[in-house]
Amino acid sequence: HAQNTPSPSQRTTKMAATYECLCKKVGFEVSGAPAMSCYCHCDHCQTYGGDCAKVAAYPAEQFKYTKGESELIKYEHTPKKFRMTCKNCGSFVHNILPNGLYIAPLGGLKFSGDRVQPTMHIFYKERTTDASDSLTKHDGWPA
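Description of the structure in this document. (Residues numbered from 1 in each chain as written. Predicted model: local features only at pLDDT ≥ 70, side-chain atom pairs only at ≥ 80, totals over all residues. Heavy atoms only, no water.)

### Some details on the side chain of H41
Position of H41 relative to the elements: it lies in the loop between β3 (36-40) and α1 (43-49). Taking the relative accessible area as the measure of exposure, H41 reaches 2% and is therefore buried. For H41, the side chain forms a polar contact with the side chain of H121, separated by 2.8 Å. In this structure, H41 is in contact with Q46, C52, H121, I122, F123, Y124, E126 and R127, ignoring residues within four places of it in sequence. (Helix = DSSP H or I, 4+ residues; strand = E, 2+ residues; numbered from the N terminus. Buried < 20%, exposed > 50% of the residue type's maximum accessible area, 1.4 Å probe, protein only. Polar contact = N/O pair within 3.5 Å; in protein donor to acceptor, adjacent residues only side chain to side chain. Contact = heavy atoms within 4.5 Å.)

### Points about the sheet that holds strand β1 (residues 16-20)
Strand order across the open sheet formed by four strands is β5-β2-β1-β10, with antiparallel pairing between neighbours. Both edges of this open sheet fall to β5 (63-67) and β10 (110-111), since each of them pairs with a single strand only. Summarising the sheet, β1 and β10 pair through two bridges and their orientation is antiparallel. Bridge pairing links T18 to K110 in β10. (Pairing = 2+ DSSP bridges.)

### Some remarks on the layout of surface pockets
Its boundaries defined by the atoms lining it, the largest pocket holds a volume of some 300 Å³. Along its surface, the largest pocket is lined by 22 residues, and M36, L97, I103, I122 and W141 are the ones closest to its centre. Mapped onto the lining of the largest pocket, the elements with two or more residues apiece are β3, α1 and β4 (53-58). A class-by-class count of the residues in the lining of the largest pocket yields 16 nonpolar, four polar and two charged. Approximately 220 Å³ is the volume attributed to the second largest pocket. Taken together, 14 residues line the second largest pocket, and the ones lying closest to its centre are Y48, G49, A53, K54 and F92. Put simply, the parts of the chain that give the lining of the second largest pocket at least two residues each are α1, β4, β8 (92-96) and β9 (102-105). A class-by-class count of the residues in the lining of the second largest pocket yields eight nonpolar, three polar and three charged. (1 Å grid on protein atoms, 1.4 Å probe; cavity = no way out; pocket = protein on both sides within 12 Å on 5 of 7 lines; lining within 4 Å. Points joined across faces, edges and corners; volume = space filled by probe spheres on them. Nonpolar A, V, L, I, M, F, W, Y, C, P; charged D, E, K, R; others polar.)

Written out as C-alpha cells, the structure reads:
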C-alpha cells in the first residue's frame, strides 16, 4: 500500500547503513530510507534462505559499492533479475530487480542511525509459516 512506501521527499540521509560479506572482500553502503522494506515469502527467497527474507529495496542512486565489486558472481535467476553473491565466501550480497531497485538483506546491514524494519509481507500466499504480526500481507507485489 502507498502508506508503507516513503516518497522521495520523506527519504532522509539520516538512515544510512553499510554491508560487508563474511570474508569482507565485498562491501556497499545505502543512504536514505528504502523505497520498500518487507518480509519476502517468494519461492526464491525461501529456497535460498530457508524461510522468508527480511529485505529492503533501494533505488540505484541510494546504493554504492565501497569495495569488491569485481569479487561478485552475478546470477540471472529470472529474466532481468540478478542475485549477487561473493565469489570467495558465498555470502548473499544483494539482488537487482528488473525495475532497477537494489534488494539488500536487512540482517546484514549495519545502521548508523535508525534501523529499517519491515513494514509489510510480500508473496505471503507462498509462505511456509504464518506470521503473527499485524503488518499488511500482500499475495504478490504491493499495488
